Amino acid sequence: MPVTFTFGEMLSARSVIGTTLAELGEDYKNLWVLTPDIGATLVEFRDKYPERFVDVGLAEQACVGIAAGLAYDGNIPVVSGMLPFLSMRALEQIRSDVCYPNLPVKIIGTHGGLVGNGGSTHYAVEDLTLMGALTNMTVTSIGDPAMVGEVLRQSMTMQGPIYIRLAVGKKDKVLYEPGTQEIRIGKGITAREGTDATIFTHGTTVAQALDAADELAKDGRSVRVVDMWTLKPIDQELVIRSAAETDGRFVVLEDHLAYGGLATRIADVVTDNGVHLKAFERLGIPQVYAGFGEDEQLRTKHGYGLEATVAALRRVIAA
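No experiment lies behind these values; they were computed from the predicted model shown. (Residues numbered from 1 in each chain as written. Predicted model: local features only at pLDDT ≥ 70, side-chain atom pairs only at ≥ 80, totals over all residues. Heavy atoms only, no water.)

A.B. asks: Sorry, what's going on with the confidence of the model for the protein chain here?
C.D. replies: In the predicted model, the protein chain carries a mean pLDDT of 93, and the fraction of residues at 70 or more is 95%. Low pLDDT, under 50, characterises residues 1–7; the stretch is placed with 10 contacts to residues that sit more than four places away or in other chains. (pLDDT = per-residue confidence, 0-100. Contact = heavy atoms within 4.5 Å.)

Below you can see the structure in the form of structure tokens.
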């Protein structure tokens, strides 16, 4: 029987990954799963298909290189690990071995943003800029753990590579009632309708954006929340339509460097299409190494916590 999840409950994205890959291994006999010593949640696949499971140890570059070789041989490789190291230590291999020949390698992992309290070396905060710059790479950032399985399923038939960014993945809130949202790579999700302003977000900050919209509702303000979980290719139509329908007032909130991530991509869409905005604010990590702390503490410290998000929405509405 399929596992079902309840809106608002906490769920482990890692467990969804493990369960989904084990299921997909039955349908796709050429599916391989590789990890650089981060395979605790992959035991279901490993136990069912040990001949298609590879743990290379702490060697992200080798892991991506082996995945590329398997893809050349007609297989579908999934590389699962910690994104700070997959996105940076193995960047050259992802660029030259995977993206250049446009191979169907799936890069999926945890610790996107200021999560895990591991310090600056263990935060992936530049990753969306790096992955978004790579030709042929599809870039995603998922906040609802229940979505991960569907995205993996869709990725099985993709021709090129995909980057799937998660938070810690141990305890994440289910954001959407099952069956209420169409999950399609390349299309954003309108998590909440609104007319006074739009807040674009992705990953761990979707829940925070919804909380901020609730705060504005107490003032009689209507804020649209867009979960732009696919950053590349971005849903241009949704950006342009939101500008028209929410009076040209945008806030972009993300657990990533404020420049180079979603806010930069939204700004590109607006500029390239001649869209007129009345107000635009970006909330994210400034050009600092963030230090230690829990994710909510660090967001507040660096100016993109809940209080700062509410204040930014009020400013753009008042502009």
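A.B. asks: How do you make sense of the packing of aromatic side chains when you look at a structure like this?
C.D. replies: We describe a pair of aromatic rings using the distance from one ring centre to the other and the angle between the two ring planes. Overall, the coordinates contain 2 aromatic pairs when judged by the stated rule. Measuring from centroid to centroid gives 5.1 Å for Phe45 and Tyr49, while their planes differ by 55°, and the two rings are tilted. A residue is classified by how much of its surface remains accessible, and Phe45, at 0% relative accessible area, is buried. A ring pair is formed by Phe200 and Phe250, whose centres lie 4.8 Å apart and whose planes are at 80°; its orientation type is edge-to-face. On the criterion of sequence distance, the pair formed by Phe200 in strand S10 (residues 197–201) and Phe250 in strand S13 (residues 249–257) is long-range, its members being 50 residues apart. For the pair shown, Phe200 and Phe250 are each scored as buried. Between Arg52 and the ring centre of Tyr49, over which it is positioned, the NZ or CZ distance is 4.4 Å. (Phe/Tyr/Trp six-rings, centres within 6.5 Å; stacked < 30°, edge-to-face > 60°. Buried < 20%, exposed > 50% of the residue type's maximum accessible area, 1.4 Å probe, protein only. Helix = DSSP H or I, 4+ residues; strand = E, 2+ residues; numbered from the N terminus. Lys NZ or Arg CZ within 6 Å of the ring centre and 35° of its normal.)

A.B. asks: Whenever I open this one, the sheet that holds S10 confuses me. Can you help?
C.D. replies: Where strands meet in a sheet, backbone hydrogen bonds hold them as pairs that are either parallel or antiparallel. The 5 strands are arranged S9-S11-S10-S13-S14 in an open sheet whose pairing can be described as mixed. In the strand order of this sheet, the two ends are held by strand S9 (189–192) and strand S14 (279–285), each with one partner. Mean inter-strand twist for the sheet, computed between neighbouring axes without regard to direction, equals 25°. The strands touched by helix H9 (residues 236–245) are S9, S10, strand S11 (223–227) and S13; relative to S11, the strand with the most contacts, the crossing angle is about 175°. In the packing of helix H10 (residues 262–272) onto the sheet, contacts are made with S10, S13 and S14, and the angle to S13 comes to roughly 145°. (Pairing = 2+ DSSP bridges. Axes fitted to C-alpha atoms, helices over the stretch in contact; angles between N-to-C directions.)

A.B. asks: What is the right way to look at unusual backbone geometry in this model?
C.D. replies: Peptide bonds are trans in most cases, and residues, glycine excluded, mostly fall at negative phi. In this model, Lys232 is joined to Pro233 through a cis peptide bond whose omega is 0°. Summarising the element assignment, Pro233 is placed in the loop between strand S12 (230–232) and H9. Of note, Asp37 is a non-glycine position whose phi angle comes to about 70°, a positive value. Mapped onto the elements of the fold, Asp37 is located in the loop between strand S2 (31–35) and helix H2 (43–48). Unusually for a residue other than glycine, Asp247 sits at a positive phi of about 60°. For Asp247, the location among the structural elements is in the loop between H9 and S13. For Asp247, a relative accessible area of 34% puts it in the partly exposed group.

A.B. asks: What is the right way to read helix H7 (residues 147–155) from this model?
C.D. replies: Since there are 3.6 residues in each turn of an α-helix, residues three or four apart along the chain are aligned in direction. Listed as buried for H7 are Met147, Val148, Gly149, Val151, Leu152 and Ser155. The inward-facing, buried residues of H7 abut helix H1 (13–27), strand S5 (106–110), strand S7 (162–165), S9 and S11.

A.B. asks: What exactly am I supposed to notice about empty space enclosed by the protein here?
C.D. replies: Take a probe with the size of a water molecule and roll it over the atoms, and the empty space left behind shows itself. All chains considered together, the criterion is met by 1 cavity of 30 Å³ or more. In this structure, the largest cavity spans a volume of roughly 30 Å³. Taken together, Gly112, Ser141, Ile142, Arg165, Leu166, Ala167, Gly203 and Thr204 make up the full set of residues lining the largest cavity. Residue composition of the lining of the largest cavity, by class: 3 nonpolar, 4 polar and 1 charged. (1 Å grid on protein atoms, 1.4 Å probe; cavity = no way out; pocket = protein on both sides within 12 Å on 5 of 7 lines; lining within 4 Å. Points joined across faces, edges and corners; volume = space filled by probe spheres on them. Nonpolar A, V, L, I, M, F, W, Y, C, P; charged D, E, K, R; others polar.)

A.B. asks: It is not clear to me how the side chain of Thr205 should be interpreted in this structure. Could you clarify?
C.D. replies: With respect to the helices, strands and loops of the structure, Thr205 is situated in helix H8 (residues 205–217). Polar contacts involving the side chain of Thr205 include one to the side chain of Thr201, which spans 2.6 Å. Residue contacts for Thr205: discarding those within four places in its chain leaves Leu253, Glu254, Asp255 and Arg299. (Polar contact = N/O pair within 3.5 Å; in protein donor to acceptor, adjacent residues only side chain to side chain.)

A.B. asks: I tried to follow the pattern of salt bridges on my own but got confused; where do I start?
C.D. replies: Two side chains with opposite charge may pair up if their charged atoms get near one another. Applying the stated rule across the entire model yields 19 salt bridges. Notably, a salt bridge pairs Asp127 with Arg165, separated by 2.9 Å at the nearest N-O pair. Within this pair, whereas Asp127 is found in helix H6 (residues 127–132), its partner Arg165 is found in strand S7, the two being separated by 38 residues in sequence. Arg165 matches Asp127 in its accessibility class, with the two residues each being buried. One salt bridge in this structure joins Arg184 and Glu182, with 3.0 Å as the shortest N-O distance. On the accessibility criterion, Arg184 (40% relative accessible area) is partly exposed. With relative accessibility at 55%, the residue Glu182 sits in the exposed group. What you see here is one network of salt bridges that share partners, running through Glu193, Arg224, Glu237, Arg241 and Glu245. (Salt bridge = Lys/Arg side-chain N within 4 Å of Asp/Glu carboxyl O.)

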